[in-house]
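Examination of the molecular architecture
Take a look at the letters that make up each chain.
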Amino acid sequence: MKTIRTIQEWQTLTQRYFEATTTPQEENELRMFLTSKASDDPCFNEIKAVMGYLAVGKELRMHTTSKSRRYDISRIASYSAAAVITVACILGIWHVNLQEENIYIAYIDGKRYTDKATVLSQMQKAMTHVNNNTEQYSAHEQLSDIFGTLNENNKEIEIRTE
């Protein structure tokens, strides 16, 4: 239902708009009036500028807000995906570690041993051998042990000092 008003009534309604005493329905009627030919009077230029400015600002805010929301949703989705991947990796590593038992492997003279007792005894021998005092275990003996497996005839390696 259109309300027919005089120019004076529209000016009064404009004044009430600036005083913020209009109803939403009156504001809509004022907007519709300002888009008509009847509002070509220069006394309505100020209200046209204000309402136009507010309309553009509202449109920009809505546009910016929707972009911001999309960006926020995208960012939240990215962080969530990263968190899920991190948790999955941690759980996978934890699961593998729970299932993995201690594995004992030693290679002695080219033969593989996996028996726990054999591997640990060889390790103890090696550690004892390493911990020996260098005065008791000469450089000649150490080199002989290191390169002795290469010597097929088990002959002593001659070390010359000059």
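That block above? That's the structure.
Rules used throughout
- Residues numbered from 1 in each chain as written.
- Predicted model: local features only at pLDDT ≥ 70, side-chain atom pairs only at ≥ 80, totals over all residues.
- Heavy atoms only, no water.
- Helix = DSSP H or I, 4+ residues; strand = E, 2+ residues; numbered from the N terminus.
- Buried < 20%, exposed > 50% of the residue type's maximum accessible area, 1.4 Å probe, protein only.
- Contact = heavy atoms within 4.5 Å.
- Areas by Shrake-Rupley, 256 points an atom, 1.4 Å probe, with all protein chains shown as cover.
- Polar contact = N/O pair within 3.5 Å; in protein donor to acceptor, adjacent residues only side chain to side chain.
- Salt bridge = Lys/Arg side-chain N within 4 Å of Asp/Glu carboxyl O.
- Phe/Tyr/Trp six-rings, centres within 6.5 Å; stacked < 30°, edge-to-face > 60°.
- Lys NZ or Arg CZ within 6 Å of the ring centre and 35° of its normal.
- Expected span 1.5 Å × (residues − 1).
- Arc of directions from axis to C-beta.

**A word on the overall build of the protein chain**
Along the backbone of the protein chain there are five helices and two strands. For the protein chain, the N- to C-terminal ordering of α and β elements is α-α-α-β-β-α-α. Scored against the burial criterion, the 162 residues of the protein chain give a buried share of 11%. Summarising the internal contacts of the protein chain: among those between residues at least 6 apart in sequence, 27% fall at separations of at least 24. Of the roughly 13,900 Å² of accessible surface on the protein chain, a fraction of 57% belongs to carbon and sulfur atoms.

**With respect to the side chain of E26**
Within the secondary structure layout, E26 lies in helix α2 (residues 24–34). Polar contacts involving the side chain of E26 include one to the side chain of R16, which spans 2.8 Å. If we skip the residues at most four places from it in the chain, E26 touches R5, L13, R16 and T21.

**Regarding the pattern of salt bridges**
The final tally for this structure, using the stated rule, is three salt bridges. The salt bridge involving R16 is made with E26; its shortest N-O contact spans 2.8 Å. You can see R16 sitting in helix α1 (residues 7–18) and its partner E26 sitting in helix α2, a full 10 residues away along the chain. The buried category is assigned to E26, whose relative accessible area is 15%.

**Overview of the packing of aromatic side chains**
On inspection of all chains with the given rule, the structure shows three aromatic pairs. When the ring of W10 is compared with that of F33, the centres are 4.2 Å apart and the planes differ by 5°; the resulting orientation is stacked. With a gap of 23 residues between them, W10 in helix α1 and F33 in helix α2 connect regions that are remote in the sequence. The residues W10 and F33 share a single accessibility class, namely buried. By the ring-pair criterion, three or more aromatic residues cluster together here, those being W10, F33 and F44. One residue, R5, lies across the ring of W10, its end atom 5.3 Å from the ring centre.

**Here's the deal with α1**
Think of an α-helix as turning once every 3.6 residues; residues three or four places apart then point the same way. Between the first and last C-alpha of α1 there are 17 Å, a value that for 12 residues agrees with the 16 Å anticipated at 1.5 Å per step. The complete set of buried residues in α1 reads W10, L13, T14 and Y17. Seen end-on, α1 carries its buried residues on one side only, within an arc spanning 105°.

So, to be careful, I would describe these as geometric facts and stop short of saying anything about function.
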